[in-house]
Amino acid sequence: MAKLLINFKKSEKQPDRGDLFSNFPTGYKKIIIAFSMTVMLSGCSDWFEPTISEICETNSEMCLDLSLDARCRHERADIIRLRYNHAADTSDAFKYPLLLAFEEYLVCVEEAQHIEHVKRKGKEATRLKGVMTAQRELTRLARETKNSLDPYLSYYHWSRNGDKQAFHRFERYAASDNVNDPELLISLASAQIKTNSERTISTLYKALSLYKNTDNIDTAVYLSLVSLALDKENYRMAYVWLGVSEYFDENISSKRREAIGQKFNLPVDILNSVVGDIVSALENSRFDADALKLNRL
């Protein structure tokens, strides 16, 4: 059975993919300038978030249990910002990114703790405090969210702890019509591929239908479909998805696709047309495996 070629990172600052959470667009300088005057005139001070230093000055309890030296400041800032922005949040939703933030912070402070400081031994104490806080908070958050219905938290408990009940909750959600995050489906496909290639293909197709920007699609998704097709000895399907992967990744050579076409005497003109249809559908956020009749490959 083929292995899914996508690597999932613990952090949602992937990414990007990695991040399962939305990335705010950047570079809209004209929009920012246009709205800045409106903000100032309207007195909408909430537009500008306080700095981490300002948060710590007014809400010291959000900061004092973390390491205070210069290392890991970005990871520490993510935790403080999440704590501040969700101080009154009683839902489980924000706990997923908070778990990920604490995971990254723990890795950082544990690494920093091993760095010897001859002149300032006090740094070792503050880093030990950071390690203990991260371990305690990860344990607390995991306990609080163990039975959560939130799909991201269900995924977390399955992927980190092998919790089968969490996986079943995650799987039921992913199979519903409520999913709008393709990364959740790709995560599901990474489990399905171990036992059911047909369901994996169906899940990956559903994931592709949810992307709004092809730049966010990892080429490994297309290559995973190639591997699944080769496992099934469906060379037409393999040819098509190799063609799609070549279009979106110039580093992928056409030699393998061409060799498959020649070896198995495939109707390459027809298949190249299918490749074009898939590419067009993806670029226009209209990918629909049924409409494209991919089941006929």
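Computed from a prediction, not measured in an experiment: that's the story for all the values here.

Visitor: So what exactly am I meant to see when it comes to unusual backbone geometry here?
Guide: Peptide bonds are mostly trans, and most non-glycine residues show a negative phi. In this structure, N265 takes a positive phi of about 50 degrees despite not being glycine. Along the chain, the position of N265 falls in the loop between α12 (255-263) and α13 (268-283).

Visitor: I would appreciate a short explanation of the packing of aromatic side chains in the present structure.
Guide: The description of an aromatic ring pair uses the distance of the two centres, along with the angle that the planes make with each other. Overall, the coordinates contain 13 aromatic pairs when judged by the stated rule. Ring geometry for Y155 versus F170: centroids 5.6 Å apart, planes at 45 degrees, classification tilted. A residue pair is termed long-range when its members are at least 10 positions apart, and Y155 in helix α6 (residues 151-161) and F170 in helix α7 (residues 164-174) qualify at 15 residues. Comparing Y155 with F170 shows no difference in burial state: the two are buried. Taken together through their ring pairs, the aromatic side chains of Y205, Y222, W241, Y247, F248 and F287 make up a single cluster.

Visitor: Looking at this structure, how should I read the nonpolar core?
Guide: The biggest cluster of nonpolar side chains holds 75 residues, and the ones touching the most others in it are L208, W241 and F287. By residue number, the principal contributor to this core is helix α4 (residues 95-113), which donates 11 residues. Leaving out residues up to four positions away in the same chain, W241 has contacts with Y205, L208, Y222, L225, V226, I278, F287 and L294.

Visitor: What is the right way to look at the state of the cysteines in this model?
Guide: One way to say it: the disulfide is the covalent bond shared by the sulfur atoms of two cysteines. Throughout the structure, instances matching the rule amount to 2 disulfides. A sulfur-sulfur separation of 2.0 Å characterises the disulfide bridge that pairs C56 with C63. Taking the torsion about the sulfur-sulfur bond, which here is approximately -95 degrees, the covalent link between C56 and C63 counts as left-handed. Since its relative accessible area comes to 22%, C56 is described here as partly exposed. With its sulfur 2.1 Å from that of its partner, C72 forms a disulfide with C108. Disulfide C72-C108: the torsion about the S-S bond is -95 degrees, which places it as left-handed. In this pair, C72 sits in the loop between α2 (52-58) and α3 (73-85) while C108 sits in helix α4, placing the two residues 36 residues apart along the sequence. The residues C72 and C108 share a single accessibility class, namely buried. Numbered in order of appearance, the disulfide-bonded cysteines of the chain are paired 1-2, 3-4.

Visitor: Honestly, the pattern of salt bridges in this entry has me stumped. Any pointers?
Guide: Pairing of side chains with opposite charge becomes possible as their charged atoms draw close. In this structure the tally under the stated criterion is 13 salt bridges. Its salt-bridge partner being R160, residue E103 comes within 3.0 Å of it at the nearest N-O pair. Of the two residues, E103 sits in helix α4 while R160 sits in helix α6, which places them 57 residues apart along the sequence. What makes R160 partly exposed here is its relative accessible area of 24%.

Visitor: Would you mind going over the confidence of the model for the chain with me for this structure?
Guide: Fine structural detail should not be taken from predicted coordinates in areas where pLDDT scores are low. For the chain, the average pLDDT comes to 84, and 79% of its residues sit at 70 or higher. Between residues 5-46, whose pLDDT stays under 50, and residues either more than four places distant or in other chains, the model counts 43 contacts.

Visitor: Just checking my understanding: could you explain the side chain of T219 for this structure?
Guide: Of note, T219 is situated in helix α10 (residues 219-231). For T219, a relative accessible area of 15% translates into the label buried. In this structure T219 touches S245, F248, D249 and I252, once residues within four positions along its chain are discounted.

Visitor: In this structure, what is going on with helix α11 (residues 235-248)? I would like to understand it.
Guide: Spanning 14 residues, α11 covers 20 Å between terminal C-alpha atoms, matching the ideal 20 Å at 1.5 Å per step. Of all 14 residues that make up α11, 10 are buried, and the element is covered over most of its length. Taken together, the buried positions of α11 are M237, A238, Y239, V240, W241, L242, G243, V244, S245 and E246. Looking at the buried residues of α11, the elements they touch are α9 (197-210), α10, α12 and α13.

Rules and cut-offs
Residues numbered from 1 in each chain as written. Predicted model: local features only at pLDDT ≥ 70, side-chain atom pairs only at ≥ 80, totals over all residues. Heavy atoms only, no water. Helix = DSSP H or I, 4+ residues; strand = E, 2+ residues; numbered from the N terminus. Phe/Tyr/Trp six-rings, centres within 6.5 Å; stacked < 30°, edge-to-face > 60°. Buried < 20%, exposed > 50% of the residue type's maximum accessible area, 1.4 Å probe, protein only. Core = buried A, V, L, I, M, F, W, Y, C linked by side-chain atoms within 4.5 Å. Contact = heavy atoms within 4.5 Å. Disulfide = S-S within 2.5 Å. Salt bridge = Lys/Arg side-chain N within 4 Å of Asp/Glu carboxyl O. pLDDT = per-residue confidence, 0-100. Expected span 1.5 Å × (residues − 1).

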